Amino acid sequence: MSPTITTSSEANGNVSAATAQAAATAAAKAAVKAEQTGPQTITLAKALNAAMADAMHADPSVLVFGEDVGMLGGVFRITDGLTKTFGKSRCFDTPLAESGIVGMAVGMAMNGMRPVIEMQFDAFAYPAFEQIVSHVAKMHNRTKGGVKLPMVIRVPYAGGIGGVEHHCDSSEAYYAHTAGLKVFTPATVADGYRMLREAIDSDDPVMFMEPKKLYWSKDQVDLDALRAEHAANTERGTSSEGRAAVARPGTDATLIAYGPSVPTALAAAAAAAEEGRSLEVIDVRSIVPFDDETVCASVRKTGRAVVIAEAHGFASVASEIVARVQERCFHHLAAPIRRVTGFDVPYPAPKLEHYYLPGVDRILDAVDDLQWEN
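Residues numbered from 1 in each chain as written. Predicted model: local features only at pLDDT ≥ 70, side-chain atom pairs only at ≥ 80, totals over all residues. Heavy atoms only, no water.

Q: Help me out: how do you make sense of the overall build of the chain in this one?
A: The helix and strand tally for the chain stands at 14 helices and 14 strands. Scaling as 2.2 N^0.38, a compact globule of 374 residues should have a C-alpha radius of gyration of about 21 Å, and the chain matches this with 22 Å. Based on the C-alpha atoms only, the size of the chain along its principal axes is roughly 90 × 45 × 45 Å. Residues classed as buried in the chain amount to 49% of the 374 residues present. Across the chain, contacts joining residues at least 24 apart in sequence account for 81% of those joining residues at least 6 apart. About 16900 Å² of surface is accessible on the chain, with carbon and sulfur atoms providing 56% of the total. Each charge class in the chain was averaged separately, 34 positive and 45 negative side chains, and the resulting centres sit 4 Å apart. (Helix = DSSP H or I, 4+ residues; strand = E, 2+ residues; numbered from the N terminus. Rg over C-alpha atoms; globule rule 2.2 N^0.38 Å. Buried < 20%, exposed > 50% of the residue type's maximum accessible area, 1.4 Å probe, protein only. Contact = heavy atoms within 4.5 Å. Areas by Shrake-Rupley, 256 points an atom, 1.4 Å probe, with all protein chains shown as cover. Lys, Arg positive; Asp, Glu negative; His and termini not counted. Charge placed at Lys NZ, Arg CZ, Asp CG, Glu CD.)

Q: What should I look at first to understand helix α8 (residues 189-201) in this one?
A: Since one α-helical turn is 3.6 residues long, residues separated by three or four positions face the same way. Over its 13 residues, α8 runs 19 Å from end to end, which matches the ideal 18 Å to within 8%, given 1.5 Å per residue. Three or more residues of α8 are buried, namely V189, D191, G192, Y193, R194, M195, L196, R197, E198, A199 and I200. (Expected span 1.5 Å × (residues − 1).)

Q: Sorry if this is basic, but what is going on with the nonpolar core here?
A: The nonpolar side chains of a soluble globular protein tend to be buried with one another. Core analysis: the largest hydrophobic core is formed by 48 residues, its most contacted members being V102, I117, M151, I153, M207, I256 and I321. Elements with a contribution of two residues or more to this core: β2 (62-66), α4 (98-110), α5 (129-136), β5 (152-157), β7 (206-211), α11 (292-302), β13 (305-312) and α12 (317-329). Considering each element in turn, this core owes the most residues, six residues, to α12. Leaving out residues up to four positions away in the same chain, I321 has contacts with I256, Y258, V284, F290 and V307. One finds I42, A55, V116 and M195 within the second-largest nonpolar core, a separate group that totals 36 residues. (Core = buried A, V, L, I, M, F, W, Y, C linked by side-chain atoms within 4.5 Å.)

Q: Which parts of the structure should I look at to understand helix α2 (residues 44-58)?
A: For α2, which comprises 15 residues, the first-to-last C-alpha distance of 21 Å matches the rise-based estimate of 21 Å (1.5 Å per residue) to within 8%. The element α2 is largely enclosed, with a buried count of 12 among its 15 residues. Among all positions in α2, only L44, A45, A47, L48, N49, A50, A51, M52, A53, D54, A55 and M56 are buried.

Q: So what exactly am I meant to see when it comes to the sheet that holds β5 here?
A: Backbone-to-backbone hydrogen bonds pair the strands of a sheet. The strands run either parallel or antiparallel. Pairing is mixed across the open sheet formed by seven strands, whose spatial order is β3-β2-β4-β5-β7-β6-β12. This sheet does not close on itself; its edge strands, each paired only once, are β3 (91-93) and β12 (286-288). Sheet twist, expressed as the mean angle between neighbouring strand axes with direction ignored, is 20 degrees. Relative to β7, β5 runs parallel, the two sharing six bridges. In the sheet register, P156 faces β7, and the bridge partner there is E210. (Pairing = 2+ DSSP bridges. Axes fitted to C-alpha atoms, helices over the stretch in contact; angles between N-to-C directions.)

Q: Would you mind going over the packing of α4 against α5 with me for this structure?
A: The description of two packed helices rests on the angle between their axes and on the distance between the axes. Between α4 and α5, the least distance of the axes is 8 Å, while the angle of their chain directions is 25 degrees. When the interaxial angle is binned, α4 and α5 end up roughly parallel. Packed against α4, whose contacting residues are S99, V102, G103 and V106, the element α5 presents Q131, I132 and V136 at the interface. Split into classes, the residues belonging to the contact of α4 with α5 amount to four nonpolar, three polar and no charged. (Parallel < 35°, antiparallel > 145°, perpendicular 65-115°, else oblique. Nonpolar A, V, L, I, M, F, W, Y, C, P; charged D, E, K, R; others polar.)

Q: Please clarify how the packing of aromatic side chains should be interpreted in this entry.
A: Two descriptors summarise a pair of aromatic rings, namely the distance from one centre to the other and the angle between the planes of the rings. According to the stated counting rule, one finds nine aromatic pairs in the structure shown. Consider the rings of F65 and F92, whose centres lie 5.0 Å apart with planes at 5 degrees: the pair is stacked. Here F65, found in strand β2, pairs with F92, found in strand β3; they are 27 residues apart in sequence, far enough to count as distant. Its relative accessible area of 19% is what places F92 among the buried residues. Ring centres of F121 and F124 lie 5.2 Å apart, and the angle between their planes is 65 degrees; this geometry places the pair in the edge-to-face category. Residue classification places F124 among the partly exposed positions, given a relative accessible area of 22%. (Phe/Tyr/Trp six-rings, centres within 6.5 Å; stacked < 30°, edge-to-face > 60°.)

Q: I keep staring at the pairing of β2 and nothing clicks. Help me out?
A: Regular strands show a simple pattern: their side chains alternate between the two faces of the sheet. Summarising burial for β2: five of the five residues are buried, a large majority. One ladder, built from five bridges, connects β2 with strand β4 (residues 114-118); its direction is parallel. In the sheet register, L63 faces β4, and the bridge partner there is P115.

Q: So what exactly am I meant to see when it comes to unusual backbone geometry here?
A: In most cases, non-glycine residues show a negative phi, while peptide bonds are predominantly trans. Cis peptide bonds are those with omega within 30 degrees of zero, and the linkage from V288 to P289 qualifies with -5 degrees. Inspection of the secondary structure puts P289 in the loop between β12 and α11. Although it is not a glycine, D68 sits at a positive phi angle of roughly 65 degrees. Secondary-structure assignment places D68 in the loop between β2 and α3 (82-86). We classify D68 as partly exposed; its relative accessible area is 33%. The backbone phi angle of K144 is positive, close to 55 degrees, even though this residue is not glycine. Along the chain, the position of K144 falls in the loop between α6 (139-142) and β5.

So this is what it looks like as structure tokens:
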């Protein structure tokens, strides 16, 4: 058998490539370190971008791809700068073929990579639905645990941006109904970072539903602290995955919301407080797995509940939440649980979406209808 011979030019090329990669990695780490300036006001978009960048720094098997996510940085600029920092082999554009994007990610995840893929808009993911339901969700079970699919499918979803149909769907119920998928949806800037890092770390596939109208919402966040929290959780083997949060404490009734509806629920609670009514707001955060304990503890305390979501009300995540709470809290309820959701119609034209989306007035009307006279 002939020995392998490396020419001087090949050797120089390998050294040059290794040197370039080392330089790029050092520069990327320096860029992250430069950002570590303590609390700062950032957007949800920035938090998601930082989460992907940090995950890519930490693990060379993490890569990002999708339509226009490379040099453009995605239609919402969530992946801005990742190609420049990590190169075209780690963050790259794909053809306009969602089924192919997901299918390629399945193959990569089966072979040791951790792909993070972006669907441009919620309804654009439907051509890939067969791949998601038949393969992404079932591969682990199909192989009796022999094959894991550590992949994240990022989906900008829901309305509130003045978009037309196919750009403002709330598609979370399709994925929540599919056994084998986790379904996360952050509502705050800090959770955007925290939950995306946890999704990328997960050995199970995650549908990461990003409320697009909240991309440019701002909050003061300490990225250093979030990075330290993630490192500590990783070391301990713990996380916030599957846990809801009390976004605002209250005593009279519970507003249960997730994703884009959380700020609306908080606004309704603030308005109710001016009228002397104390409403607790629960941010579901993780649709699958679902935190029955936190949600039901609140409802048992207040005795009344309203579930708020932008999606259609029929056969929805909101319906499932109502059923779960009713089964577990029946003897604590002072009134039937109410829902405030989008209407059971196709998403309306931009000038009409404010009628369709749950608002403060509709929520307060539902609260007023919780049989307070009894």
